[in-house]
Amino acid sequence: MSLPERQLPVHAPMNQFPVKDGELVVGGERLSHLAARVGQTPFYAYDRALLRSRVDELRKVLPATVKLHYAMKANPMPAVVGFMAGLVDGIDVASAGELKVALDAGANPKEVSFAGPGKRDAELRQAVASRVLINLESFREVVALEVISNELGLPARVAVRVNPDFELKGSGMKMGGGPKQFGVDVEQMPALLANIGRAGLAFEGFHLFAGSQNLRPDSICEAQQKSYELAVRLAQDAPQPVRFLNLGGGFGIPYFPGEQRLDLTSIGDNLAQLTQRAKTELPQAEFVIELGRYLVGEAGIYVTRIVDRKVSRGQVYLVADGGLHHHLSASGNFGQVVRKNYPVTIGNKADLTQKETSSVVGPLCTPLDLLADRMSLPVADVGDLAVIYQSGAYGASASPQSFLGHPACIEVLV
Ligand SMILES: *Cc1c(COP(=O)(O)O)cnc(C)c1O
């Protein structure tokens, strides 16, 4: 006897990885062979063909003049960043550590931008010397950059990150509007822009990022339009013409039951209208959108082997060799308010019709180490491979790997 499944809405179909002979096929390889090749579980696998097709799809709907940037904090694995650098127009970094990975990956410094609320002087110096665009987020950064620019004889390239006076509706994580540690409030913009002019920095434009993980096209369009209109107003106080306009991103992917894939059609149309308006209103501006999870999230899986199967008072527990310490977000502990299940399957039995309600838990001594809570899964046993979909973003690098001293996970790009 097993307990009933808890959630009624279903996950969006996960058909990005084909199934062959009952196994998921990842990077052209059936999962059990891939696991053998990797040589250990748990591991993350990211599929090059899926990364490429995601970028191709986006290019089809976005106006050709809109540049596509990869926000590498979503997945900073050097091989992934290197692969993405060859597909997108630029890389967005949020630390000097990420800057190094991006430059090592061969990203063109002209098309790298650096944002973040607490850039240390040493990081700003590295950024100026690298000739990347710095998304300024405070008055203090203007002062520091003036000193650094004079010292290096290189005027810092800057865009101003604006904390707008609106919020991105329906966003999983709000990063603009109201009081925020990000960017500089719209109200303070005239003073900041004047300081930039006096400091002799190379002003290039504006950066607006309203929020993350949004699955509502109408909210994204509204935020992009408001951001654009705000930039047009702010341009009047700018020390130089606006050449760079980063309208953010926030495109979400379906993680939880009831969520559906984002329809990009209206977003593409909206951007086309805005670029058309810009021909007269901001004639030199180049549009950028910056995406993290949307580019890489669906192309990745986390694979963990079942090491025990237990039944406790009627509930089946599949105890796996990986968990929260590698995949904090799938455990529900990375900013989620209410824990919900990521899409999960048994990757070497993906088309098994015999199902049961089971929970996938990790090896950590905490009830938080839960990867699947009472889901209907193919009947599984010791040795089988549990797979967490939608794991290409905010996985390994966003998890507390040393918590409890279990082995680290491996990441492969296939
Ligand atoms: C985190 C972040 C992103 C990427 O967010 P996703 O939800 O992964 O697309 C983009 N821009 C900025 C400024 C960020 O902080």
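Residues numbered from 1 in each chain as written. Predicted model: local features only at pLDDT ≥ 70, side-chain atom pairs only at ≥ 80, totals over all residues. Heavy atoms only, no water.

Student: So what exactly am I meant to see when it comes to the overall build of the chain here?
Tutor: For the chain, the helix and strand inventory stands at 10 helices and 22 strands. The C-alpha atoms of the chain give 23 Å as radius of gyration, which agrees with the globular expectation for 414 residues (22 Å, within 12%). Considering only C-alpha atoms, the chain reaches an extent of 70 × 40 × 35 Å along its principal axes. Counting over 414 residues, the chain shows a buried share of 57%. A separation of at least 24 residues holds for 73% of the contacts in the chain among residues at least 6 apart in sequence. Total accessible area on the chain is roughly 16,900 Å²; 53% of this is exposed by carbon and sulfur atoms. Once the 41 positive and 43 negative side-chain charges of the chain are each reduced to a mean point, those two points are 1 Å apart. (Helix = DSSP H or I, 4+ residues; strand = E, 2+ residues; numbered from the N terminus. Rg over C-alpha atoms; globule rule 2.2 N^0.38 Å. Buried < 20%, exposed > 50% of the residue type's maximum accessible area, 1.4 Å probe, protein only. Contact = heavy atoms within 4.5 Å. Areas by Shrake-Rupley, 256 points an atom, 1.4 Å probe, with all protein chains shown as cover. Lys, Arg positive; Asp, Glu negative; His and termini not counted. Charge placed at Lys NZ, Arg CZ, Asp CG, Glu CD.)

Student: What is the right way to read the nonpolar core from this model?
Tutor: Grouped burial of nonpolar side chains is what soluble globular proteins tend to show. Membership of the largest hydrophobic core comes to 126 residues, with the highest contact counts inside it found for Y70, M84, V160, I196, F206, F251 and L295. When residues of this core are assigned to their parent elements, the largest contribution, seven residues, is made by helix α8 (residues 217-235). Composition of this core by domain shows at least three residues from each of domain 1 (5-46 + 298-413) and domain 2 (115-291). Apart from the residues within four sequence positions on either side, I196 is in contact with L136, V142, V158, V160, L201, F203 and P239. (Core = buried A, V, L, I, M, F, W, Y, C linked by side-chain atoms within 4.5 Å. Domains from an automatic or database assignment.)

Student: Please explain the domain arrangement of the chain as it appears in this structure.
Tutor: Where the parts come together, the accessible area they lose is often given as the size of the interface. In terms of domain boundaries, the chain breaks down into domain 1 (5-46 + 298-413) and domain 2 (115-291). The gap between the C-alpha centroids of domain 1 and domain 2 is 36 Å. Of the residues lining the interface, 15 residues belong to domain 1; the matching set on domain 2 comes to eight residues. Interface area, domain 1 with domain 2, both sides summed: about 1,100 Å², of which 59% is carbon and sulfur. Per-residue buried area on domain 1 facing domain 2 is highest for A12, E298 and Q390; these three make up 35% of the total on that side. (Buried area = accessible area lost by both parts, 1.4 Å probe.)

Student: How do you make sense of the pattern of salt bridges when you look at a structure like this?
Tutor: Enumeration over the complete set of coordinates arrives at 23 salt bridges. Between R59 and D89 there is a salt bridge, with the nearest N and O atoms lying 2.8 Å from each other. One end of the pair, R59, is in helix α2 (residues 48-61); the other, D89, is in the loop between α3 (78-85) and β6 (90-93), and 30 residues separate them in sequence. Accessibility expressed as a relative area gives 34% for R59, which makes it partly exposed. Residue classification places D89 among the partly exposed residues on the basis of a relative accessible area of 27%. In this structure, the salt-bridge partner of K67 is E111, at a minimum N-O distance of 3.1 Å. Of this pair, K67 sits in strand β5 (residues 67-71) while E111 sits in the loop between α4 (96-104) and β7 (112-114); the two residues are 44 residues apart in sequence, bridging distant segments of the chain. Given the relative accessible area of 19%, E111 is considered buried. Taken together, the salt bridges that share partners define one network made up of R54, E57, R261 and E298. (Salt bridge = Lys/Arg side-chain N within 4 Å of Asp/Glu carboxyl O.)

Student: Where do I start with the environment of E111 in this structure?
Tutor: Once the C-alpha coordinates of E111 and L133 are considered, the two residues, 22 residues apart in sequence, prove to be 7.5 Å apart. Look past the residues within four positions of E111 in its chain and what remains in contact with it is K67, H69, D89, G90 and I91. A polar contact of 3.1 Å, which involves the side chain of E111, links it to the side chain of K67. (Polar contact = N/O pair within 3.5 Å; in protein donor to acceptor, adjacent residues only side chain to side chain.)

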